[in-house]
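The lines below spell out each chain.
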Amino acid sequence: MKRNVFGFVMAVALAMPSSAFQNVKMPVDLDKLSERASESVDVTLDSSMLQLASGFLSKDDPEEAQVKKLVSKLRGVYVRSFEFDKEGQYSPGDVEAIRSQLKGPAWSRIVGVKSTRGENSEVYLRKDGDQVGALVVIDAEPKELTVVHIDGPINPEELSELGGHMGIPKMRTHRSDKDQSDPHREKKEQ
Amino acid sequence: MRDFEEELRRALARREPPQDFALRVLAMAGSQSKLTALAQLRLWFCRVPMWQFAPALAALLVMSGGGIYKQHERVAHGQQAKQKLLTAMRIAGSKLHHAQDRVFAIERREMMQ
Amino acid sequence: MVGEGQQRKERSGLVATLASSVTPVLTDVGPPTFVEMLETHKSMVYSIAWHFLRDRSLAEELAQDVFLELHRNWASLKSRQHILFWLRKVITHRAIDFARKRKVRPEISLEQTGEPSVSESGHDSLLSSYLERMVASLPEKQRMAIVLRYQEGMELEEIAQVLGMKTATVKTQIFRALDLLRSKTAQRLGKGQGAKYERF
């Protein structure tokens with residue numbers, strides 16, 4: 001049975017004292033990356049757009065019903081995702097502009113995975129009282145950069161389940177998952 | 001060459017149709033099937049030529065066109081928003097799942113050492 | 001619109017898989033709707049008809065007919081790119097057919113078009129108006145090629161596809177039209193102003 005990473009770390013994160021509400025803004029420079037990207041996704045849905053969209057989700061479709069349930073109390077969903085033809089199309093500063101907003105006491109980094117191949121995955125949660133108030137995912141790879149900001153009470157475990165069976169191919173397999181002796185294997189950041 | 005072609009581009013810049021153009025198109029598009037049904041009904045029961053009803057029908061179409069247009073607009077925006085939401089949630093879910101799998105892989109490796 | 005004429009790069013990766021129709025900024029995820037296509041393309045369709053026929057009510061009528069036909073044929077059209085191509089092709093051919101049937105060609109020879117007053121402050125708008133009238137006086141295929149090139153910014157190959165001509169023929173038509181327009185503009189504006197056009 002798969003261990004629940006998010007359940008454990010969420011419990012730890014929520015146990016920490018909370019602070020004032022902090023919002024995350026997508027930096028303007030991030031949007032300029034679309035000019036260099038071969039493919040990009042730009043989604044900005046505030047609460048009114050979420051309500052509108054939710055009204056068109058079907059209860060009969062399992063995927064849409066699950067999304068409808070997840071977004072019912074959200075205040076906003078923001079995604080910036082870029083794919084590039086070659087490496088070096090974005091700078092560490094582009095990512096730092098997001099990360100610097102997540103250093104306040106209300107935010108906890110619950111996942112930080114880094115590889116020597118330059119693939120970084122980070123997951124941040126913001127605490128609002130006893131609940132998760134927001135989620136930020138930063139996935140930075142040599143030829144891809146994705147930033148997700150979900151504002152509102154969200155269950156990361158339920159959200160991660162969507163990644164396994166929502167009509168998309170299985171995730172790309174990384175060598176570190178197959179080859180135990182891989183010199184480029186990843187390490188978890190403390 | 002550049003100056004003249006630039007003048008040509010300026011001269012041939014797009015123009016906007018009248019403000020109610022879209023409304024009229026939608027009203028007529030919506031009425032294409034209605035007109036057929038209505039015409040058949042009238043011919044069957046009343047045997048009155050259609051043209052006698054044209055002014056009233058035209059007025060009704062223009063009045064209802066606004067409602068049809070707003071409804072179409074709302075549906076279009078809603079469907080777009082829904083697709084954006086599904087895309088966003090798929091990406092978010094996938095990246096979270098990815099991060100989770102990477103953590104598992106590391107922990108499995110550490111356990112086996 | 002020029003971007004939609006470009007070939008899409010081969011898709012790969014998660015982003016491309018998730019978003020089936022992506023341009024540099026994702027603005028049109030999901031299947032197109034009639035209202036969306038009407039709002040997006042009404043200016044294009046109306047303007048092509050207007051610049052070709054130089055008659056507002058005719059341009060409106062043609063544009064309306066084209067969208068009503070789009071509505072009737074909606075089920076057979078697949079993508080935004082297909083719809084754009086379809087609209088361009090239909091309005092182009094409708095306008096040309098209309099002009100030929102009704103012999104609606106502004107009965108103004110290039111020699112008869114009024115001279116813009118170069119000394120007035122409204123020079124640019126007068127010149128634009130003058131050029132519009134001159135374009136409307138060109139033979140139909142040349143006229144439409146010029147409109148598609150300079151109003152829509154279409155490439156020669158795209159124009160050739162829409163008009164059902166060879167690319168080389170489109171190129172020749174455009175060059176001839178430009179030569180004619182340039183020389184007439186130079187004549188009308190007089191040697192002082194026209195010289196800058198005669199150079200080309």
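Chemist: Looking at this model, I keep getting lost on the overall build of chain C. Mind explaining?
Modeler: A tally of regular secondary structure across chain C gives 9 helices and 0 strands. Listed N to C, the secondary structure of chain C is α-α-α-α-α-α-α-α-α in terms of helices and strands. Evaluated residue by residue, chain C yields a buried proportion of 36% over its 200 residues. Counted over contacts in chain C with a minimum sequence separation of 6, partners at least 24 positions apart contribute 59%.

Chemist: In this structure, what is going on with the overall build of chain A? I would like to understand it.
Modeler: Looking only at helices and strands, chain A has 7 helices and 7 strands in total. Going residue by residue from the N terminus, the α and β elements of chain A occur as α-α-β-α-α-β-α-β-β-β-β-α-α-β. For chain A, buried positions account for 38% of its 190 residues. In chain A, once contacts between residues fewer than 6 apart in sequence are set aside, the share between residues at least 24 apart is 67%.

Chemist: Help me understand unusual backbone geometry in this model?
Modeler: Among all residues save glycine, negative phi is the norm, and among peptide bonds the norm is trans. Notably, Arg54(C) is not glycine yet its phi reads approximately 55 degrees, a positive angle. Tracing the backbone shows Arg54(C) in the loop between helix 3 (34-53) and helix 4 (56-72).

Chemist: Is there a simple way to explain the interface of chain B and chain C in this structure?
Modeler: The accessible area lost on association of the parts is a frequent measure of interface size. Taken together, the contact between chain B and chain C spans 32 residues of the former and 35 residues of the latter. The element that contributes the greatest number of residues to the side of chain B that touches chain C is helix 3 (residues 54-112) of chain B, accounting for 12 residues. Here the side of chain B that touches chain C is built from residues that sort into 15 nonpolar, 6 polar and 11 charged.

Chemist: It is not clear to me how the pairing of strand 4 (residues 120-128) of chain A should be interpreted in this structure. Could you clarify?
Modeler: Within a regular beta strand, the side chains point alternately toward one face of the sheet and then the other, so they alternate between its two faces. Residue and element names in this part refer to chain A. Along strand 4, 8 of the 9 residues are buried, which leaves the element largely enclosed by surrounding structure. What sits between strand 3 (residues 107-114) and strand 4 in their antiparallel hairpin is a turn of 5 residues, with Gly118 showing a positive phi close to 85 degrees. As judged from the 9 bridges shared by strand 4 and strand 5 (residues 131-141), these two strands associate in the antiparallel manner. Within strand 5, the residue paired with Val123 across the bridge is Val137.

Chemist: Is there a simple way to think about the nonpolar core in this case?
Modeler: Generally speaking, a soluble globular protein has its nonpolar side chains buried in company with each other. Ranked by size, the top nonpolar core spans 52 residues in total, and within it Val77(A), Leu85(B) and Ala92(B) carry the most contacts. Among the elements that make up this core, the one with the highest residue count is helix 3 of chain B (10 residues). The residues contacting Ala92(B), other than those within four sequence positions of it, are Val79(A), Val137(A), Val148(A), Ile150(A) and Leu159(A). Counting residues in each nonpolar core, the second largest holds 48 residues, with Leu12(B), Leu38(C), Tyr46(C) and Val147(C) among its members.

Chemist: Looking at this model, I keep getting lost on the interface of chain B and chain A. Mind explaining?
Modeler: Contact with chain B, which involves 28 residues of that partner, is made by 43 residues of chain A. Looking at side-chain class alone, the side of chain B that touches chain A contains 12 nonpolar, 9 polar and 7 charged residues.

Chemist: Would you take a moment to explain the packing of helix 3 of chain C against helix 7 (residues 140-150) of chain C for this structure?
Modeler: Packed helix pairs are specified by the crossing angle of their axes together with the interaxial distance, meaning the distance between the axes. Residues and elements named next belong to chain C. Relative to each other, helix 3 and helix 7 sit at 140 degrees, their axes nearing to 10 Å. With respect to helix 7, the axis of helix 3 lies oblique. Note on packing geometry: the crossing formed by helix 3 with helix 7 is right-handed. Packed against helix 3, whose contacting residues are Ile48, His51 and Phe52, the element helix 7 presents Arg143, Met144 and Val147 at the interface. Considered class by class, the residues forming the contact of helix 3 with helix 7 number 4 nonpolar, 1 polar and 1 charged.

Chemist: Just checking my understanding: could you explain the confidence of the model for chain C for this structure?
Modeler: Fine structural detail should not be taken from predicted coordinates in areas where pLDDT scores are low. All names here are of chain C. Confidence in the prediction of chain C, expressed as mean pLDDT, is 75, and 67% of residues score 70 or more. This stretch, residues 1-28, has a pLDDT under 50; its non-local contacts, to residues over four places away or in other chains, come to 49 contacts. With pTM at 0.46, the complex prediction returns an ipTM value of 0.76.

Chemist: Can you help me understand the pairing of strand 1 (residues 39-46) of chain A in this one?
Modeler: Residue and element names in this part refer to chain A. Of all the 8 residues making up strand 1, 6 are buried; the element is thus mostly covered by neighbouring parts of the structure. Strand direction decides the pairing type here: strand 1 and strand 2 (residues 76-83), joined by 8 bridges, are antiparallel. Note that in strand 2 the partner of Glu39 across the bridge is Glu83.

Chemist: Explain the packing of helix 3 of chain C against helix 4 of chain C here, please?
Modeler: Residue and element names in this part refer to chain C. Between helix 3 and helix 4, the least distance of the axes is 8 Å, while the angle of their chain directions is 145 degrees. Crossing angle aside, the handedness with which helix 3 passes helix 4 is right-handed. For the pair helix 3 and helix 4, contact is made by Phe34, Met37, Leu38, Lys42, Val45, Tyr46, Ala49, Trp50 and Leu53 and by Arg56, Leu58, Ala59, Glu60, Leu62, Ala63, Val66, Phe67, Leu70 and His71, respectively. Taken together, the residues of the contact of helix 3 with helix 4 sort by class into 15 nonpolar, 1 polar and 3 charged.

Chemist: Looking at this structure, I do not really get helix 4 of chain C. What am I missing?
Modeler: Helical geometry note: an α-helix holds 3.6 residues per turn, so side chains three or four residues apart project in the same direction. Helix length check: helix 4 of chain C, at 17 residues, gives a terminal C-alpha distance of 24 Å against a target of 24 Å (1.5 Å per residue), a fit within 8%. The set of residues buried in helix 4 of chain C consists of Ala59(C), Leu62(C), Ala63(C), Gln64(C), Val66(C), Phe67(C) and Leu70(C).

Chemist: Help me out: how do you make sense of the confidence of the model for chain A in this one?
Modeler: All names here are of chain A. Taken residue by residue, chain A gives an average pLDDT of 76. The fraction at 70 or more is 74%. The least confident element of chain A, judged by mean pLDDT, is helix 7 (residues 175-178) at 36; the most confident is strand 6 (residues 144-151) at 93. Here residues 16-22 is a poorly scored stretch, pLDDT under 50, and it has 15 contacts once near neighbours within four places are set aside; other chains count. Throughout residues 165-185 the model reports pLDDT below 50, and contacts reaching past four residues in sequence, or to other chains, amount to 27 contacts.

Conventions used here
- Residues numbered from 1 in each chain as written.
- Chains lettered and ligands numbered in written order.
- Predicted model: local features only at pLDDT ≥ 70, side-chain atom pairs only at ≥ 80, totals over all residues.
- Helix = DSSP H or I, 4+ residues; strand = E, 2+ residues; numbered from the N terminus.
- Buried ≥ 20, exposed ≤ 12 C-beta atoms within 10 Å, placed from the backbone.
- Contact = placed C-beta atoms within 7 Å.
- Nonpolar A, V, L, I, M, F, W, Y, C, P; charged D, E, K, R; others polar.
- Pairing = 2+ DSSP bridges.
- Core = buried A, V, L, I, M, F, W, Y, C linked by C-beta atoms within 7 Å.
- Axes fitted to C-alpha atoms, helices over the stretch in contact; angles between N-to-C directions.
- Parallel < 35°, antiparallel > 145°, perpendicular 65-115°, else oblique.
- Left-handed = near helix turned anticlockwise from the far one by under 90°.
- pLDDT = per-residue confidence, 0-100.
- Expected span 1.5 Å × (residues − 1).

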